[in-house]
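Summary of the model geometry
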Amino acid sequence: MKNRMMSICLLFVFLGTLQIVCQPAFASDLVIASFEKNGRSDLGTDIGAWNSNPLDTSQGCTIEMMKLYGVLGKPTEESRVMKISYDVAASGPAFNGVYIKLNDIDLTSYDEMSMVIRGDASKGFTTKFKLEMKNNKGERVVFVINGITAEWQKMTVPMQSLKDLGSITDWTKMKEIVLTFDDMTCDYREGVLYVDDIMFSSKK
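Below: a short report on this structure. Not measured: the values here are computed from a predicted model. (Residues numbered from 1 in each chain as written. Predicted model: local features only at pLDDT ≥ 70, side-chain atom pairs only at ≥ 80, totals over all residues. Heavy atoms only, no water.)

For the rest of this paragraph, the subject is the overall build of the protein chain. If you tally the helices and strands in the protein chain, you get one helix and 13 strands. Listed by position from the N terminus, the elements making up the protein chain come as β-β-β-β-β-β-β-β-β-β-β-α-β-β. Taken across its 204 residues, the protein chain has 50% of its residues classed as buried. With the model as given, the accessible surface of the protein chain reaches about 9,500 Å², and the carbon-plus-sulfur share is 48%. (Helix = DSSP H or I, 4+ residues; strand = E, 2+ residues; numbered from the N terminus. Buried < 20%, exposed > 50% of the residue type's maximum accessible area, 1.4 Å probe, protein only. Areas by Shrake-Rupley, 256 points an atom, 1.4 Å probe, with all protein chains shown as cover.)

For the rest of this paragraph, the subject is the side chain of Ser114. With respect to the element layout, Ser114 can be found in strand S8 (residues 112-119). Those residues in contact with Ser114 that lie beyond four places of it in its chain are Lys154, Met155, Thr156, Asp197, Ile198 and Met199. (Contact = heavy atoms within 4.5 Å.)

In this structure, Ile32, Met113, Met133, Ile177, Ile198 and Phe200 are the most contacted members of the largest nonpolar core, which totals 46 residues. Counting residues in each nonpolar core, the second largest holds nine residues, with Val71, Val81, Val192 and Tyr194 among its members. (Core = buried A, V, L, I, M, F, W, Y, C linked by side-chain atoms within 4.5 Å.)

Let's shift gears to empty space enclosed by the protein. Evaluation of the coordinates by the stated rule reveals one cavity of 30 Å³ or more. Taken as a whole, the largest cavity holds about 40 Å³ of empty space. Along the walls of the largest cavity sit Met113, Ser114, Met115, Leu131, Phe143, Ile145, Met155 and Val157, which together make up its complete lining. Of all elements in the fold, only S8, strand S10 (140-146) and strand S11 (153-158) reach the threshold of two or more residues within the lining of the largest cavity. It is S8 that provides the largest number of residues to the lining of the largest cavity, a total of three residues. In the lining of the largest cavity, the residues fall into seven nonpolar, one polar and no charged. (1 Å grid on protein atoms, 1.4 Å probe; cavity = no way out; pocket = protein on both sides within 12 Å on 5 of 7 lines; lining within 4 Å. Points joined across faces, edges and corners; volume = space filled by probe spheres on them. Nonpolar A, V, L, I, M, F, W, Y, C, P; charged D, E, K, R; others polar.)

To continue, consider the environment of Pro93. On the secondary structure map, Pro93 appears in the loop between strand S6 (74-87) and strand S7 (95-105). Judged by its relative accessible area of 70%, Pro93 is exposed. Between the C-alpha atom of Pro93 and that of Ser52, which follows or precedes it by 41 residues, the distance is 9.5 Å. Not counting residues within four places of it along the chain, the set of residues in contact with Pro93 comprises Gln59 and Asp183.

A word on the pattern of salt bridges. Side chains bearing opposite charge may pair, as long as their charged atoms lie close to each other. This model, assessed by the stated rule, comprises 10 salt bridges. Of the charged contacts, one joins Glu112 and Lys203 as a salt bridge, the two residues approaching to 4.0 Å between their closest N and O atoms. Of the two residues, Glu112 is situated in strand S8 and Lys203 in the segment after strand S13 (190-202); the sequence distance between them amounts to 91 residues. One connected set of salt bridges, linked through shared partners, spans Lys74, Asp196 and Asp197. (Salt bridge = Lys/Arg side-chain N within 4 Å of Asp/Glu carboxyl O.)

Positive phi, close to 65°, is recorded for Phe35, a residue that is not glycine. Looking at where Phe35 falls in the secondary structure, it is placed in the loop between strand S3 (28-33) and strand S4 (47-51). Classification of Phe35 by relative accessible area gives buried; the value is 1%. Within the chain, Asp104 stands out as a residue other than glycine whose phi angle is a positive 60°. Tracing the backbone through its elements, the reader meets Asp104 in strand S7. The exposure class of Asp104 is partly exposed, given its relative accessible area of 40%.

What follows is the structure, encoded as structure tokens:
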């Protein structure tokens, strides 16, 4: 990955604001989604889009696995990424997004979660959206990814900061990751984002 990486700030929904720093990946990584697996995660689980009201055609979210050149850390390579097209510009409440099933994986030993992301300057994009992690007990942690730009960047959040919130008491059987776009959070209510290399890393 490139040495030049931008710092971001994640606004935590449950407790205040914490400063998050983008850093290189470590040797011990659990890759959740590199988007090279024909629409499934690297765990072999489902990836899909969801809509809060499928009957409301004024809002929605779709995903596409596509190939791009110039992804962060791969300037001369073609890499498959996830294209997210979202729309929450409805007249009433609107929210939708993307889910990635985790198949009850144990995340207790990991120190960081990260993803590579950029917005589409020609289509427009939100600079922030909600990201959730859920376990099989129905517990969840929710925070806001903030600081998205039209340039690729790796965004990293310390897992200990999430665990300290206490909203998830058991990290041994995690159910899914959810990216949520809603009309209250998104500062651009219709647009396109590109995401690559969602993973968890350990410094040990």
